[in-house]
Each structure stands twice: as C-alpha cells, then as structure tokens.
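The chain contents come next:
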Amino acid sequence: MKLKLTRLVPYFFLGALAVTSLGLRAQDAPQVNLDRVKLASGMHRIDAQIAATPEQRQIGLMFRKDMPQHEGMVFVFDQPGKQCFWMKNTPIPLSAAFLADDGTIVNIEDMKPLALDGHCSAQPVRYVLEMNKGWFAKKGIKAGSKLQGPLFQTQK
C-alpha cells in the first residue's frame, strides 16, 4: 500500500503544477471580455472596455498586440485621486486621457510600449481613458475637451 501511495505523489504534484501553470497563462493573456461603454467627443465615437475592479485595472491593456482605432479602455476608480499609469507588459503605444467626473480631459499623456516610467494625472481624477497613441491628437481632442457618456452623467 505504501508503494502505491508513493507512486501517486509525483502525479499529484504534476497535476498541481499544471493547474498553477494554467493560472499563470491566464494572467499573461489580454482581457477582452470586459463590459463596454459608448463614449463620444463631438462626432468621434469610442467603444471602451471598462476596467472597474482592482484586478481589471491592474491588468488593463497588458499583452494586447493591437487595438481597433475606435476602441479603448476606461479605468474607473471609486474616488478621485492622483492616478498614475505605466506600460509594463503593454506592447502597443497608448495615449491616456485623465478625466474629471464630468468627462472633462484634465491632461493627456503619450506612453511608450513596455516602458516603466509613470504618467500621472495633473489633478485628482476618477477616470482614465486609454486609446491608441496619437488618437486624441488626430481628432483634435486635448485638455479641456469634454467626453460624453453614461459614466459622466452629472448627479443632481
């Protein structure tokens, strides 16, 4: 009986290792099945994935190799604060718009792929919208511009 149990132990550890490896692979893959929201700046429409939980915000657009031009990701925080972003494990260049509660762009930062330097909001914000690098500039959208969408509905 002891011999049979000893023979099974290596298989148990191999199985545990396989499960652990699968979990690591899932973290190394882009998150593509998040809820979405429609945003706009004038005639320019944005289909944005919503990163609202700490885990979703931490992964963000990591591991994405490309992103359609009209798509982005909006990071939603519980409270306004100084938000800082970096590009760890993110191979596509991005621009981040830091947004006030009403959708007004506070500042926009262009970010280089895979860089670890921080890009921060100029003042406390609750929302950050990441788009392909240069998207805002190509559309003439800059600090002071306002985005529209259900996230930015004013509360009465």
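Below or above, wherever it landed, is the structure these notes cover. (Residues numbered from 1 in each chain as written. Predicted model: local features only at pLDDT ≥ 70, side-chain atom pairs only at ≥ 80, totals over all residues. Heavy atoms only, no water.)

## Structural notes on the overall build of the protein
Secondary structure summary: the protein contains three helices and eight strands in total. When the helices and strands of the protein are placed in sequence order, the string is α-β-β-α-β-β-β-β-β-β-α. Among the 156 residues that make up the protein, the fraction classed as buried is 42%. Look at the contacts in the protein between residues 6 or more apart in sequence, and 68% of them connect residues 24 or more apart. Accessible surface computed for the protein: about 9,700 Å², of which carbon and sulfur atoms make up 58%. (Helix = DSSP H or I, 4+ residues; strand = E, 2+ residues; numbered from the N terminus. Buried < 20%, exposed > 50% of the residue type's maximum accessible area, 1.4 Å probe, protein only. Contact = heavy atoms within 4.5 Å. Areas by Shrake-Rupley, 256 points an atom, 1.4 Å probe, with all protein chains shown as cover.)

## Overview of the sheet that holds strand 6 (residues 105-111)
The six strands are arranged 1-2-3-8-5-6 in an open sheet whose pairing can be described as mixed. Since the sheet does not close on itself, it has two edges, and those belong to strand 1 (36-41) and strand 6, each with one partner. Taken over all neighbouring pairs, the strand axes of this sheet differ in orientation by 30° on average, direction set aside. (Pairing = 2+ DSSP bridges. Axes fitted to C-alpha atoms, helices over the stretch in contact; angles between N-to-C directions.)

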